[in-house]
Amino acid sequence: QSPKLSESSSHPCAEVHFEIHPETQPSCENASSGKVSLPPGSVKGGTAPYIFALDTRDHFRSGQYFYELKPGEYKVLVKDALGCEGNTTVMVGTK
C-alpha cells in the first residue's frame, strides 16, 4: 500500500495522533455546556503548526478548545502544516 500523500504536495504524510480530554460535562442531557481540549503538546507526529476541527460542523482553526457541547460523541480532527490529518472521537457525558 502506498503512503498517504499530503493535500498540498507529493510528500508522504507522517502519522498525526493526539490526546483529547473532556474538561466540563454538561449538567443535564439538553445543556450545551460541555468543553473538550487538546492539552499543549498533545499532538505528536506530522509537521507543526497544527489546526483543529470538531466533526464537520466546525471549520479548521488554531484553537485547541471546543465549547458549548451537548452530551454525545464528537469526532476531533487535527491537520498539520502539510495537510496531513489525524482524528479520534471523544465522548461528552453528563455530570
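Residues numbered from 1 in each chain as written. Predicted model: local features only at pLDDT ≥ 70, side-chain atom pairs only at ≥ 80, totals over all residues. Heavy atoms only, no water.

Enquirer: Sorry, what's going on with the overall build of the protein here?
Expert: Secondary structure summary: the protein contains zero helices and six strands in total. In the protein, the succession of helices and strands from N to C terminus is β-β-β-β-β-β. Relative to its full complement of 95 residues, the protein shows a buried share of 33%. Counting only contacts in the protein whose residues sit at least 6 apart along the sequence, the fraction spanning at least 24 positions is 53%. Counting every atom, the protein has about 5,800 Å² of accessible surface; 49% of that belongs to carbon and sulfur. (Helix = DSSP H or I, 4+ residues; strand = E, 2+ residues; numbered from the N terminus. Buried < 20%, exposed > 50% of the residue type's maximum accessible area, 1.4 Å probe, protein only. Contact = heavy atoms within 4.5 Å. Areas by Shrake-Rupley, 256 points an atom, 1.4 Å probe, with all protein chains shown as cover.)

Enquirer: Sorry if this is basic, but what is going on with the sheet that holds strand S3 (residues 51–54) here?
Expert: Hydrogen bonding along the main chain pairs the strands of a sheet, whether they run parallel or antiparallel. Read from one edge of the open sheet, three strands run S3-S5-S6, paired in antiparallel fashion. Two strands close off the open sheet at either side, each with one partner strand: S3 and strand S6 (85–92). Going from strand to strand, the sheet's axes swing by 25 degrees on average, the running direction of each strand aside. Relative to strand S5 (residues 72–79), S3 runs antiparallel, the two being bridged by four bridges. Each residue of the ladder has a partner; that of Ile 51, found in S5, is Lys 79. (Pairing = 2+ DSSP bridges. Axes fitted to C-alpha atoms, helices over the stretch in contact; angles between N-to-C directions.)

Enquirer: Would you mind going over the state of the cysteines with me for this structure?
Expert: Such a bond, covalent and formed between the sulfur atoms of two cysteines, is termed a disulfide. Tallying each qualifying case throughout the model produces one disulfide. Disulfide pairing places Cys 13 opposite Cys 84 at an S-S distance of 2.0 Å. Taking the torsion about the S-S bond as the criterion, the Cys 13 to Cys 84 disulfide, at about -85 degrees, is left-handed. Residue Cys 13 is found in the segment before strand S1 (21–24), and its partner Cys 84 is found in the loop between S5 and S6; the two are separated by 71 residues along the sequence. For the pair Cys 13 and Cys 84, one class covers both residues: buried. (Disulfide = S-S within 2.5 Å.)

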